[in-house]
Amino acid sequence: MTPKAPMLSVQEALGFLLTAARPVTETQVVPTLEGTGRVLAADQRSQLDVPPMDNTQMDGYAVRSADCVSGNASLRVAQRIPAGHVGQPLEAGTAARIFTGALIPEGADAVVMQEQCSFDQASGLVTISHTPQSGEWIRRAGEDIRAGSTILPAGTRLRAQELGLLASVGLASLPVFRRLRVAVFFTGDELTMPGEPLKPGAIYNSNRFMLRGLLDHLGCDVTDLGNVPDSLDATREALRQAASGHDLIVTSGGVSVGEEDHVKPAVEAEGRLNLWQIAIKPGKPLAFGEVGQGERPAFFVGLPGNPVSSFVTFLLFVRPFILALQGAQPSNPPRFPMRADFSWPKADRRNEFLRVRINEQQGLSLFPNQSSGVLTSTVWGDGLVDNPPGQTIAPGDTVHFIPFSELLY
Ligand code: AMP
Ligand code: MG
């Protein structure tokens, strides 16, 4: 595709990426405790009811509700049942002292919370100043999960809450897809690592830190080949190294068509380049292709060098692409309708993603400098306004807001 080809829309480019994605197929078994960020390779079923048996939600007294209809019943406390212990069948006219999580003894059908009871040590009687409904404060067996049910489907990416759910049915280990192997490098003669002095004309390589953070967050195995000078040979050499043993290569910089932009010809020499211009701002140039020969060439995504462009295009394109490669279900991030408390008088023919913050009036404020080099906007902002091509914004207009939290978990 030449740079003069019509620009792809954001949705077209994303669709193209997701169609091209070949998910990882190799699986492994990991301890549930180490499952954070992994993707389930098979449906997970529960072998048991959760909770396994009826138990109490409160500290109090387990009773037969029929014994308490007077509203002022006096019952002999015949037993004590802490959590983790099994009581005796509850005889009529007696109560069991019971503690949160303990099994309801046979015969009891309600729990009265201790605040509604008074126990007399001398007589061993408890007075119940409440008329419980049958079932009150009882968590029923299977009320969370039924034995035999599927609790999570294959393709689920595991967050803290999924791991808790899997552990609650007793699963000690999980079948997951292997981690995605991602190689990264950064083009630009100007790039310097923090910790080194800045020479005239140089800048620190911020993309390296940002992209590493994003890839770590997505649970990728990252090989970082570091800074690569602006030369065709060096870029080709880096691509060859990156292609070996990796599923995906992500780079930043050098994807425009200037004399110092070597990524396009380098990828064309070492593989295939499929995609070039997207109607998106920030981030118009985005290179997509494959590098290497054989069964499994590595996918290649070349992000623009400008840090905000890199960040936004990663979130909108690379993140869903990675999720698809990992075997997960990449869902479209939700766009919430919100009020713009700013004006954006100049329409752009590209789909803009503006950095905004939720203000105290529950509207959106715009970061004053929307330049693609100003990383401060990404830290100041709570998310992006997805502004369609050709659209101006006046204060009070409803816009589509994507919180960073939907793009960064
Ligand atoms: P390029 O896409 O290579 O034309 O770079 C566009 C702009 O982004 C230039 O101002 C570069 O100096 C800057 N840039 C490129 N790579 C990085 C990086 N890794 N970290 C920070 N800025 C970068
Ligand atoms: Mg450059």
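Calculation criteria
Residues numbered from 1 in each chain as written. Chains lettered and ligands numbered in written order. Predicted model: local features only at pLDDT ≥ 70, side-chain atom pairs only at ≥ 80, totals over all residues. Heavy atoms only, no water. Helix = DSSP H or I, 4+ residues; strand = E, 2+ residues; numbered from the N terminus. Buried < 20%, exposed > 50% of the residue type's maximum accessible area, 1.4 Å probe, protein only. Contact = heavy atoms within 4.5 Å. Areas by Shrake-Rupley, 256 points an atom, 1.4 Å probe, with all protein chains shown as cover. Lys, Arg positive; Asp, Glu negative; His and termini not counted. Charge placed at Lys NZ, Arg CZ, Asp CG, Glu CD. Near = heavy atom within 4 Å. Polar contact = N/O pair within 3.5 Å; in protein donor to acceptor, adjacent residues only side chain to side chain. 1 Å grid on protein atoms, 1.4 Å probe; cavity = no way out; pocket = protein on both sides within 12 Å on 5 of 7 lines; lining within 4 Å. Sits in = over half its atoms within 2 Å of the grid points. Nonpolar A, V, L, I, M, F, W, Y, C, P; charged D, E, K, R; others polar. Pairing = 2+ DSSP bridges. Points joined across faces, edges and corners; volume = space filled by probe spheres on them. Patch = residues over 30% accessible without salt bridge, like charges linked within 9 Å, V, L, I, M, F, W, Y side chains within 5 Å. Salt bridge = Lys/Arg side-chain N within 4 Å of Asp/Glu carboxyl O. Axes fitted to C-alpha atoms, helices over the stretch in contact; angles between N-to-C directions. Parallel < 35°, antiparallel > 145°, perpendicular 65-115°, else oblique. Left-handed = near helix turned anticlockwise from the far one by under 90°. Domains from an automatic or database assignment.

### Re the overall build of the protein chain
Next up, step 1: The helix and strand inventory of the protein chain stands at 7 helices and 26 strands.
Next up, step 2: Each principal axis of the C-alpha atoms in the protein chain carries an extent, and together these give about 95 × 55 × 40 Å.
Next up, step 3: For the protein chain, buried positions account for 48% of its 409 residues.
Next up, step 4: Considering only contacts in the protein chain between residues 6 or more positions apart, those separated by 24 or more positions represent 70%.
Next up, step 5: When the accessible surface of the protein chain is split by element, carbon and sulfur atoms take 52% of a total near 19,000 Å².
Next up, step 6: Computed over 34 positive and 42 negative side-chain charges, the inter-centroid distance for the protein chain is 3 Å.

### Notes on the site of ligand 1
Next up, step 1: Close to ligand 1 lie 15 residues; E190, N205, G254, G305 and N306 are nearest.
Next up, step 2: Between ligand 1 and E190, the relevant distance is 2.5 Å, taken from an oxygen atom to a side-chain nitrogen or oxygen of the residue.
Next up, step 3: The backbone of G305 places a nitrogen or oxygen atom 2.9 Å from an oxygen atom of ligand 1.
Next up, step 4: The cavity that encloses ligand 1 is the largest pocket.
Next up, step 5: Those elements giving two or more residues to the shell around ligand 1 turn out to be β15 (203–204) and α3 (206–217).
Next up, step 6: Classifying every residue of the shell around ligand 1 gives 4 nonpolar, 9 polar and 2 charged.

### Considerations on the environment of A154
Next up, step 1: Relative to the helices and strands, A154 resides in the loop between β11 (150–152) and α2 (160–168).
Next up, step 2: Non-local contacts of A154, meaning those with residues more than four positions away in its chain, are made with L40, A41, A42, D43 and Q329.

### Concerning the pairing of strand β8 (residues 117–120)
Where a strand is regular, its side chains alternate between the two sheet faces.
Next up, step 1: The pairing of β8 with strand β9 (residues 125–128) spans 4 bridges and is antiparallel. Opposite F119, over in β9, you have V126 as the bridge partner.
Next up, step 2: Hairpin geometry of β8 and β9 is characterised by an intervening segment of 4 residues between the two adjacent antiparallel strands and by a positive phi of about 75° at G124.

### Quick word on the layout of surface pockets
Next up, step 1: There is about 520 Å³ of room inside the largest pocket.
Next up, step 2: The wall of the largest pocket is formed by 35 residues, among which G305, N306, P307, S309 and S372 lie closest to the centre.
Next up, step 3: Among the secondary structure elements, those contributing two or more residues to the lining of the largest pocket are β15, α3, α6 (307–325) and β23 (351–358).
Next up, step 4: Here the lining of the largest pocket is built from residues that sort into 11 nonpolar, 15 polar and 9 charged.
Next up, step 5: Estimated volume of the second largest pocket: approximately 250 Å³.
Next up, step 6: Classifying every residue of the lining of the second largest pocket gives 6 nonpolar, 5 polar and 5 charged.

### With respect to a negative patch on the surface
Next up, step 1: There is a patch of like negative charges on the surface, built from D189, E190, E259 and E260.
Next up, step 2: Following the sequence through the fold, D189 ends up in the loop between β13 (181–187) and β14 (191–192).

### What to know about the packing of helix α1 (residues 10–20) against α6
Next up, step 1: Here α1 crosses α6 at 25°, and the two axes come no closer than 9 Å. Judged by the inter-axis angle, α1 sits roughly parallel to α6. For the pair α1 and α6, the crossing hand works out as right-handed. Judged by residue contacts, V10, A13, L14, L17 and L18 of α1 engage L316, F317, P320, F321 and A324 from α6.
Next up, step 2: Tallied by class, residues from the contact of α1 with α6 come to 10 nonpolar, no polar and no charged.

### Examining the domain arrangement of the protein chain
Next up, step 1: Here the domain parsing of the protein chain yields domain 1 (10–25 + 179–325), domain 2 (27–50 + 149–177), domain 3 (55–139) and domain 4 (336–404).
Next up, step 2: When each unit is reduced to the centre of its C-alpha atoms, the spacing between domain 2 and domain 4 is 38 Å.

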